[in-house]
Amino acid sequence: MRSFKPTLVVMALSLAFTTTAFGQNGDDLAHRDDFTMNSISGGDFRNYVSDAIIEDDIWGHSMRTLGVFHNHMHELMSEYARHAAEDMGSEHVPEFGNRISGGQWTDYRKNLEDAGETSAWADFVQVTEIMHDRVHHAMYTSALYDQKTRDRDVNLADYVGNRAPHDQADTIPERGDLDMDYASSNAFRSLVWDYEFEGERLNAAMQKMTVFDNMLSDLMTQWAFYGATKDDEACRPPEFGSRISGAQWSEYADWVTDCSDDTWRDLIKITELMHDRIHHMMYAVMIHDGEAHGRENEVKGLLE
């Protein structure tokens, strides 16, 4: 692993917090239609992992972690959707079974748009849709990397179908070109630990969000330890301790541009986009909570 450059940490944190003023909504907020992504469905990803990945090594473990991470994401989204339907009395949440699907969440976002709803909650729904897509983008890219580097008896195309029609280079925007608000893990955890939430659903969702963030850290750390075994130094992460931080991952995404393995390079960059969009989602629900429960100043203090 190469040594970690503190100056880049400052730059990464500066970038992360440039948009952390209470703002960004409506036409200024990123929309799913702004992005092109490849993906694989959750079921097909789990089938690919079950069928193809038999190794009990750090890479195989990370892929199974990603499958569980994806499942938990949908559990989390389902809790937020039930909160909207049951606690907020929203008529815009589509009916769903045990878990809301990505398509049903998109229907929810469209219903809010069609109704002309503008609120911090509507912003949260819109950001969460993009976050969901980025997770599926990372799932596809990790499976593509696995297919390229391991001798598999299965064909990834049989699992992906028509869900990945784009050149990967066209699906990875420059991080500096994106305008994302950001809540740190500490800020979100402080909100969850220090305040009460009205309604069983919201309380469960906020607790599950802290678990989701912790699982994200676990996944990134597993990939960082795996990346540290790469022969090409440009493919390795910066030095890190027991866990890699978001700032360190941002530095990794910066210098991995020189990595000779294009699919690994893509996975690192897409993981950064996924990480940042998850923290954007955390920011958006914190803003909603501040407005809904009259604690805007407390939330603002946590985000500063």
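Scroll up to find the structure this text is about.
Keep in mind the model is a prediction, meaning the values are calculated, not measured.

Participant: Before we move on, could you go through the overall build of the chain and cite the residues and values that matter?
Facilitator: A count of helices and strands for the chain gives 11 helices and 0 strands. Going from N to C terminus, the chain has its helices and strands arranged as α-α-α-α-α-α-α-α-α-α-α. Radius of gyration (C-alpha) of the chain: 19 Å, near the 19 Å computed for a compact globule of 304 residues. Across the 304 residues that make up the chain, the buried fraction comes to 53%. Long-range contacts, defined as pairs at least 24 residues apart, comprise 75% of the intrachain contacts of the chain with a sequence gap of at least 6. Accessible area of the chain: about 13300 Å², with a carbon and sulfur share of 44%. Of note, the chain has its 26 positive side-chain charges centred 5 Å away from the centre of its 55 negative side-chain charges.

Participant: Help me get a handle on the nonpolar core, residues and values and all.
Facilitator: Counting residues in hydrophobic clusters, the biggest one holds 88 residues, and the most contacted among them are Phe-69, Tyr-80 and Trp-264. In this structure Tyr-80 touches Trp-105, Trp-121, Phe-124, Phe-188, Leu-202, Ala-205, Met-206, Met-209, Met-281 and Val-285, once residues within four positions along its chain are discounted.

Participant: Give me the layout of surface pockets: which residues, what numbers.
Facilitator: To find leftover empty space, a probe the size of one water molecule is rolled over the atoms. Of the pockets and cavities examined, the second largest pocket occupies roughly 410 Å³. As for the second largest pocket, its lining consists of 24 residues, of which Arg-32, Ser-39, His-132, Asp-133 and Arg-163 are closest to the centre. The residue inventory of the lining of the second largest pocket, partitioned by class, reads 4 nonpolar, 14 polar and 6 charged.

Participant: Give a detailed account of the side chain of His-279, specifying residues and quantitative values.
Facilitator: Here His-279 is to be found in helix α10 (residues 262–292). A distance of 2.6 Å separates a polar side-chain atom of His-279 from the backbone oxygen of Ala-183. In this structure, His-279 is in contact with Asp-181, Tyr-182, Ala-183, Ser-184, Ser-185, Asp-213 and Leu-216, ignoring residues within four places of it in sequence.

Participant: Describe the packing of helix α7 (residues 185–194) against helix α8 (residues 200–227), naming the residues involved and giving the relevant values.
Facilitator: Helix packing geometry: the angle between the two helix axes and the distance between the axes. Between α7 and α8, whose axes approach to 10 Å, the crossing angle comes to 155°. It follows from the interaxial angle that α7 and α8 lie roughly antiparallel. Here α7 runs over α8; the crossing is left-handed. Of the residues in α8, those in contact with Ser-185, Phe-188, Leu-191 and Val-192 of α7 are Met-206, Gln-207, Met-209, Thr-210 and Asp-213.

Participant: Lay out the packing of aromatic side chains with the relevant residues and their values.
Facilitator: Here the structure, examined in full by the defined rule, presents 15 aromatic pairs. When the centroid spacing of 4.8 Å and the interplanar angle of 45° are considered together, the rings of Trp-121 and Phe-124 count as tilted. Taken together, the residues Trp-121 and Phe-124, both in helix α5 (residues 120–149) and 3 residues apart, mark about one turn of the helix. The exposure class assigned to Phe-124 is buried, which follows from its relative accessible area of 0%.

Participant: Describe the packing of α5 against α10, and please don't skip the residues or the numbers.
Facilitator: The contact between α5 and α10 brings their axes to 8 Å, and the two run at 160°. Considering their axes alone, α5 and α10 lie roughly antiparallel with respect to each other. For the element pair α5 and α10, the recorded crossing hand is left-handed.

Participant: Lay out the pattern of salt bridges in plain terms, naming residues and giving numbers.
Facilitator: The final tally for this structure, using the stated rule, is 16 salt bridges. Arg-152 serves as the salt-bridge partner of Asp-146, at 2.7 Å between the closest nitrogen and oxygen. We classify Asp-146 as buried; its relative accessible area is 0%. For Arg-152, a relative accessible area of 13% corresponds to the buried category. Where Arg-243 meets Asp-218, a salt bridge forms, and the shortest distance between an N and an O atom there is 2.8 Å.

Basis of the calculations
Residues numbered from 1 in each chain as written. Predicted model: local features only at pLDDT ≥ 70, side-chain atom pairs only at ≥ 80, totals over all residues. Heavy atoms only, no water. Helix = DSSP H or I, 4+ residues; strand = E, 2+ residues; numbered from the N terminus. Rg over C-alpha atoms; globule rule 2.2 N^0.38 Å. Buried < 20%, exposed > 50% of the residue type's maximum accessible area, 1.4 Å probe, protein only. Contact = heavy atoms within 4.5 Å. Areas by Shrake-Rupley, 256 points an atom, 1.4 Å probe, with all protein chains shown as cover. Lys, Arg positive; Asp, Glu negative; His and termini not counted. Charge placed at Lys NZ, Arg CZ, Asp CG, Glu CD. Core = buried A, V, L, I, M, F, W, Y, C linked by side-chain atoms within 4.5 Å. 1 Å grid on protein atoms, 1.4 Å probe; cavity = no way out; pocket = protein on both sides within 12 Å on 5 of 7 lines; lining within 4 Å. Points joined across faces, edges and corners; volume = space filled by probe spheres on them. Nonpolar A, V, L, I, M, F, W, Y, C, P; charged D, E, K, R; others polar. Polar contact = N/O pair within 3.5 Å; in protein donor to acceptor, adjacent residues only side chain to side chain. Axes fitted to C-alpha atoms, helices over the stretch in contact; angles between N-to-C directions. Parallel < 35°, antiparallel > 145°, perpendicular 65-115°, else oblique. Left-handed = near helix turned anticlockwise from the far one by under 90°. Phe/Tyr/Trp six-rings, centres within 6.5 Å; stacked < 30°, edge-to-face > 60°. Salt bridge = Lys/Arg side-chain N within 4 Å of Asp/Glu carboxyl O.

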